Amino acid sequence: MAYNKYSFIGIFLLIALPLETFGQVNGTIDRTVKVFLDCNRCDRSYIRDNINFVNYVRDKEDSQVHLLISKQRTGSGGTEYTLRYIGRENLDSQDQNLKYTSLKSDTEDEERKGLVKKIKVGLLPYLSNSSVLDNLDITYAGDGESAPQESAQSDKWNYWVFELDGRSFFNGEESRKNLFISMGASADHVTKNWKVNIEYDYDYNRRTFTSTDSLGNEVTDIFVTRGQRFESSIVKSLSDHWSLGILGESFSSSRNNIDFNISGSPAIEYNIFPYEEYAERRISFMYVMSAGYFNYKKETIFNKKTDFLIRPQLRGRMDFTQPWGEIEGRVNASTYLQDLSKNRLDLNLELDFRIFRGLELSLSGRYSLINDQLSIPKGNISDAEQLLNLRQQSTSYSYRGSIGIEYSFGSIYNNIVNPRF
């Protein structure tokens, strides 16, 4: 009986203490604004820990300010954050947009500190009628003069950014080893009117398997795949909705039986919405007409060792980042003028959707109709090539997909950060 009594007291304390704590916190709830932080690719814990003068809530329906953060890569390799402050309840007419740009050379800590500073600036107008404003102070750390933005004339690189990269991955055990090496280089020149991109990538993958034959002798099999690709593009901004460009490409791939390829194409793109609205919405269509020369490693199933192909393509892109969620869609349709039956259709869709309070749905899928495999070599495929995906395999379609659902309920407040364990 004593055991049951002490157990009851313990359970009561476990329940009562959090309730008491909540009561203490709840006493300060009305002193400041309620913010819903909507950012899938930022350090949420760091933001909440360093901006502690607002109340964070779990659902946008409970918020007075819906802070929607999206980001894009800049031409110099940095990151541009778009901060959308969406007023709700008594602040429903107070919307604003701010931008914060980090440099390529910024560390992760420098980037998140800069983002937090910009978020604070955007939150100040919403605190004008809040008593918490009495405890805030604004300081200026400048030298008394505003630093003018560098112009193209004072930039010795003229907006050109160069990058070299390399990485290696390896693993193994007694009977197998794997080594992967990747190297690349790029050059980018991005202004309001022009966008130039040049990239080179090289990949090397070696897989080694060791076994013992029937005579007890050690047998080693080595399988190597390699590929390299050079891509370039020059794009001219024609208006808020139109762009015109030239694309070039050259590549080789042991897996795809291509010893050498070179192709070039003009391209034109139309965006339904103005390009300046890219952080919120985009629906664009691009038409490409490429002409390319192919030299195959082995004779193909169509009895070709070389080929010259003209390939028209229509590419569509859809991006929406809105308070209700995100949608990303891609479609690519192509064929060959020499034989219209050799065609391909690729569909890609990613959806993160907030159905109602606490319930979120995530969907992603890809489906391809494939009738353009012109480089498949003659001959049967070996077991090793099939199992290790060493060469392209004949198929008329491919697909993949995922679905996720999340439901949360309970306290609407989300202020405390606890990094233990």
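Residues numbered from 1 in each chain as written. Predicted model: local features only at pLDDT ≥ 70, side-chain atom pairs only at ≥ 80, totals over all residues. Heavy atoms only, no water.

Enquirer: Talk me through the layout of surface pockets; I want residue IDs and the actual numbers.
Expert: Considering only enclosed or pocket space, the second largest pocket measures out at about 560 Å³ in volume. In terms of lining, the second largest pocket is formed by 30 residues, of which the most central are Phe36, Arg44, Arg58, Arg354 and Glu360. Broken down by secondary-structure element, the contributors of at least two residues to the lining of the second largest pocket are β1 (34-38), α2 (44-50), β13 (306-322), β14 (325-336), β15 (339-356), β16 (359-370) and β17 (397-407). For the lining of the second largest pocket, the class distribution of residues is 11 nonpolar, 9 polar and 10 charged. (1 Å grid on protein atoms, 1.4 Å probe; cavity = no way out; pocket = protein on both sides within 12 Å on 5 of 7 lines; lining within 4 Å. Points joined across faces, edges and corners; volume = space filled by probe spheres on them. Helix = DSSP H or I, 4+ residues; strand = E, 2+ residues; numbered from the N terminus. Nonpolar A, V, L, I, M, F, W, Y, C, P; charged D, E, K, R; others polar.)

Enquirer: Outline helix α3 (residues 108-123), supporting the account with residue identities and numerical values.
Expert: Counted at 1.5 Å a residue, the expected span for α3 with its 16 residues is 22 Å, and the 23 Å between its end C-alpha atoms agrees. Turning to α3, its buried residues are Glu111, Gly114, Leu115, Val116, Ile119, Gly122 and Leu123. Looking at the buried residues of α3, the elements they touch are β1, α2, β3 (65-73), β4 (79-87) and β5 (96-102). (Expected span 1.5 Å × (residues − 1). Buried < 20%, exposed > 50% of the residue type's maximum accessible area, 1.4 Å probe, protein only. Contact = heavy atoms within 4.5 Å.)

Enquirer: I'd like to hear about the state of the cysteines, residue by residue, with values.
Expert: Scanning all chains against the criterion turns up 1 disulfide. Bridging Cys39 to Cys42, the disulfide has an S-S length of 2.0 Å. What makes Cys42 buried here is its relative accessible area of 17%. (Disulfide = S-S within 2.5 Å.)

Enquirer: For the sheet that holds β1, give the residues involved together with the corresponding values.
Expert: Here we have 5 strands laid out as an open sheet, ordered β2-β1-β3-β4-β5, and mixed in their pairing. In this open sheet, the two edge strands, each paired with only one partner strand, are β2 (55-56) and β5. Alignment of β1 against β2, held across 2 bridges, turns out to be parallel. Residue pairing across strands places Val35 opposite Tyr56, the latter belonging to β2. (Pairing = 2+ DSSP bridges.)

Enquirer: Let's hear about unusual backbone geometry: which residues, and what values?
Expert: At Glu89, a residue that is not glycine, the phi angle is positive and equals roughly 50 degrees. With respect to the helices and strands, the residue Glu89 is situated in the loop between β4 and β5. Assessed through its relative accessible area of 44%, Glu89 is described here as partly exposed.

Enquirer: With reference to specific residues and values, describe the sheet that holds strand β7 (residues 176-190).
Expert: Pairing is antiparallel across the open sheet formed by 12 strands, whose spatial order is β6-β7-β8-β9-β10-β11-β12-β13-β14-β15-β16-β17. Strands with a single pairing partner mark the edges of an open sheet, and in this sheet they are β6 (160-172) and β17. Neighbouring strand axes in the sheet, compared pairwise and without regard to direction, differ in orientation by 10 degrees on average. In this structure, strand β11 (residues 258-271) lies alongside strand β12 (residues 281-296), joined through 11 bridges in antiparallel fashion. Bridging from a neighbouring strand, Ile258 pairs with Tyr296 of β12. (Axes fitted to C-alpha atoms, helices over the stretch in contact; angles between N-to-C directions.)

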